[in-house]
Amino acid sequence: MEDQKNNRIKLLQVRLTKAEHNAILKKFSKTTGRKLSDYVRKIILGKPHIGKVRNESLDDFVTVLAQLKMELKAAGNNLNQAVKKLHSLNQGGELEQWLVSWELGKRTFQKSVDAITRHLDKINDEWFR
């Protein structure tokens, strides 16, 4: 018996211009609703509907984090290669050359870490203003 109360048996047709239809679709796309008919029904009956909120700063944050992840991965790979090279060196001239190369790699690594730190500080400042 209760199912009959919720059955929608009446049809309401409304003619719209293309612009009106597009405007409704645009507003509907900004909600969490799945069906246009439910959205229109809520609007007509004055019921509340839930809109979507897009946090664009979060999009930027995710992009920066992906870049930082790639930088850290590259720096880690360089560090692993340097350590492998160290283990394969003979004592003497090769070791001295490796130490020079290691020092240059360490400086590059430190620059990457500093850049990452600056990015994270900037993000921190923007989020906690």
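Predicted model, so just to flag it, every value in this text is computed and none were measured. (Residues numbered from 1 in each chain as written. Predicted model: local features only at pLDDT ≥ 70, side-chain atom pairs only at ≥ 80, totals over all residues. Heavy atoms only, no water.)

## Some remarks on the layout of surface pockets
The condition is simple: Two kinds of site are reported from a 1 Å grid over the protein atoms alone, namely cavities, where a 1.4 Å probe fits but cannot get out, and pockets, open sets with protein on both sides within 12 Å along at least five of seven lines, and residues are called lining when an atom falls within 4 Å of a point. Grid points are joined across faces, edges and corners, and a volume is the space filled by probe spheres set on the points. Note on residue categories: nonpolar means Ala, Val, Leu, Ile, Met, Phe, Trp, Tyr, Cys or Pro, charged means Asp, Glu, Lys or Arg, and polar means any other residue, Gly included.
Put simply, the largest pocket is a space of about 340 Å³. As for the largest pocket, its lining consists of Arg8, Lys10, Leu11, Leu12, Leu36, Ser37, Val40, Arg41, Ile44 and Leu45. Its residues assigned to classes, the lining of the largest pocket comprises six nonpolar, one polar and three charged.

## Section: the pattern of salt bridges
Note the threshold: Salt-bridge detection follows one rule: a side-chain nitrogen of Lys or Arg within 4 Å of a carboxyl oxygen of Asp or Glu.
What the rule picks out here adds up to three salt bridges. Bridged by salt links that share partners, the residues Glu103, Lys106 and Arg107 form one connected network.

## Remarks on the packing of aromatic side chains
Selection rule: Any two of the Phe, Tyr and Trp rings considered here, Trp counted by its six-membered ring, make a pair once their centres fall within 6.5 Å; the pair's planes then place it as stacked at under 30 degrees, edge-to-face at over 60, or tilted in between. The numbering of helices and of strands both runs from the N terminus, where a helix is a DSSP run of H or I of at least 4 residues and a strand a run of E of at least 2. In this scheme, a residue with accessible area under 20% of its type's maximum is buried, one over 50% is exposed, and one in between is partly exposed, where area comes from a 1.4 Å probe on protein chains only.
Enumeration over the complete set of coordinates arrives at one aromatic pair. Summarising the aromatic geometry, the rings of Phe28 and Tyr39 are spaced 5.6 Å apart at their centres and angled 50 degrees between planes, so their arrangement reads as tilted. With Phe28 in helix H2 (residues 18-29) and Tyr39 in helix H3 (residues 36-45), this pair connects stretches of sequence that are eleven residues apart. Accessibility assignment for this pair places Phe28 and Tyr39 in one class, buried.

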